Amino acid sequence: MLTVSREIVDQIVAHARADHPDEACGVVAGPIGSDRPARFVAMENAERSPTFYRFDSIEQLKVWREMDDRDEEPVVIYHSHTATEAYPSRTDISYASEPNAHYVLVSTREEDDTEFRSYRIVDGVVTEEEVRIVDVYEAG
């Protein structure tokens, strides 16, 4: 299950809506081992495409080094689908390389309805998981 704050959900959705009709992408970093998404990092879709996303390699290296320096890891890796449901494509599955990450997909195909779903993708196997949105994280 992905437990995520309302603030971070709102930031992800706002990024997806702002970049529409192109796919948006980014990460939410959190303390290593915590499984707690804490720091929202919007990234640029190097493809600038409505059907595909790719992190810019220089930006990705910078963000991953920053996470290392802060003892963080990518808890959530997110991107949007602009014309289809929020389900990983074959390409999304083939590029999923962080087995501990929650892969969040946001569909912006409907102007008034945003689909927000989360998956675990390990060795090409996609498992949808429940998303629990909280106002504040519980202590611990």
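As the structure is a prediction and not an experimental result, all values here were calculated from the model.

**Q** I tried to follow the pairing of strand E1 (residues 2-5) on my own but got confused; where do I start?
**A** On a regular strand, one side chain projects to one face of the sheet and the next to the other, so that they alternate. Burial along E1 is two-sided: Leu2 and Val4 and Thr3 and Ser5, pointing in opposite directions, are all buried. Pairing analysis gives four bridges linking E1 to strand E8 (residues 131-134), with the strands arranged parallel. In the sheet register, Ser5 faces E8, and the bridge partner there is Val134.

**Q** It is not clear to me how helix H1 (residues 6-19) should be interpreted in this structure. Could you clarify?
**A** Note that an α-helix has 3.6 residues per turn; residues three or four places apart therefore point the same way. Between its first and last C-alpha atoms H1 spans 20 Å; for 14 residues at 1.5 Å apiece the expected length is 20 Å, and the two agree. When we look at burial in H1, the residues that qualify are Ile8, Val9, Ile12, Val13, His15 and Ala16. Looking down the long axis of H1, one finds its buried residues gathered within 155 degrees of arc, a one-sided arrangement. Residues of H1 that are exposed and angled more than 90 degrees away from the buried face: Glu7 and Ala18.

**Q** Is there a simple way to explain the sheet that holds strand E5 (residues 102-110) in this structure?
**A** Pairing between sheet strands relies on hydrogen bonds along the backbone, with the strands arranged either parallel or antiparallel. The strand order E3-E2-E4-E5-E6-E7 describes an open sheet built from six strands, whose pairing is mixed. Every interior strand has two partners, whereas the edge strands, strand E3 (39-43) and strand E7 (125-129), have only one. On average, adjacent strands in this sheet sit at an angle of 30 degrees to one another, irrespective of strand direction. In this sheet, E5 lies alongside strand E4 (residues 72-81) in parallel orientation, the contact comprising six bridges. In the sheet register, Ser80 faces E5, and the bridge partner there is Val106. Its contacts with the sheet place H1 against strand E2 (25-31), E3, E4, E5 and strand E6 (113-122), and it is angled at close to 50 degrees to E5. Together, E2, E3 and E4 form the strand contacts of helix H2 (residues 57-69), whose direction differs from that of E3 by roughly 170 degrees.

**Q** Would you take a moment to explain the pattern of salt bridges for this structure?
**A** All told, the structure shown has 12 salt bridges when counted by the stated rule. Here Asp35 makes a salt bridge to Arg120, at a shortest N to O gap of 3.8 Å. Linking Asp35 in the loop between E2 and E3 with Arg120 in strand E6, this pair joins segments that are 85 residues apart in sequence. Ionic pairing is found between Arg48 and Glu44, a salt bridge with its closest N-O pair at 2.5 Å. A relative accessible area of 57% means that Arg48 is categorised as exposed. The exposure class assigned to Glu44 is partly exposed, which follows from its relative accessible area of 41%. Each of Glu85, Arg109, Glu115, Arg117 and Glu128 takes part in a single network of salt bridges with overlapping partners.

Quick notes on the rules
- Residues numbered from 1 in each chain as written.
- Predicted model: local features only at pLDDT ≥ 70, side-chain atom pairs only at ≥ 80, totals over all residues.
- Heavy atoms only, no water.
- Buried < 20%, exposed > 50% of the residue type's maximum accessible area, 1.4 Å probe, protein only.
- Helix = DSSP H or I, 4+ residues; strand = E, 2+ residues; numbered from the N terminus.
- Pairing = 2+ DSSP bridges.
- Expected span 1.5 Å × (residues − 1).
- Arc of directions from axis to C-beta.
- Axes fitted to C-alpha atoms, helices over the stretch in contact; angles between N-to-C directions.
- Contact = heavy atoms within 4.5 Å.
- Salt bridge = Lys/Arg side-chain N within 4 Å of Asp/Glu carboxyl O.

Without other data, these values stay purely geometric and don't point to any function.
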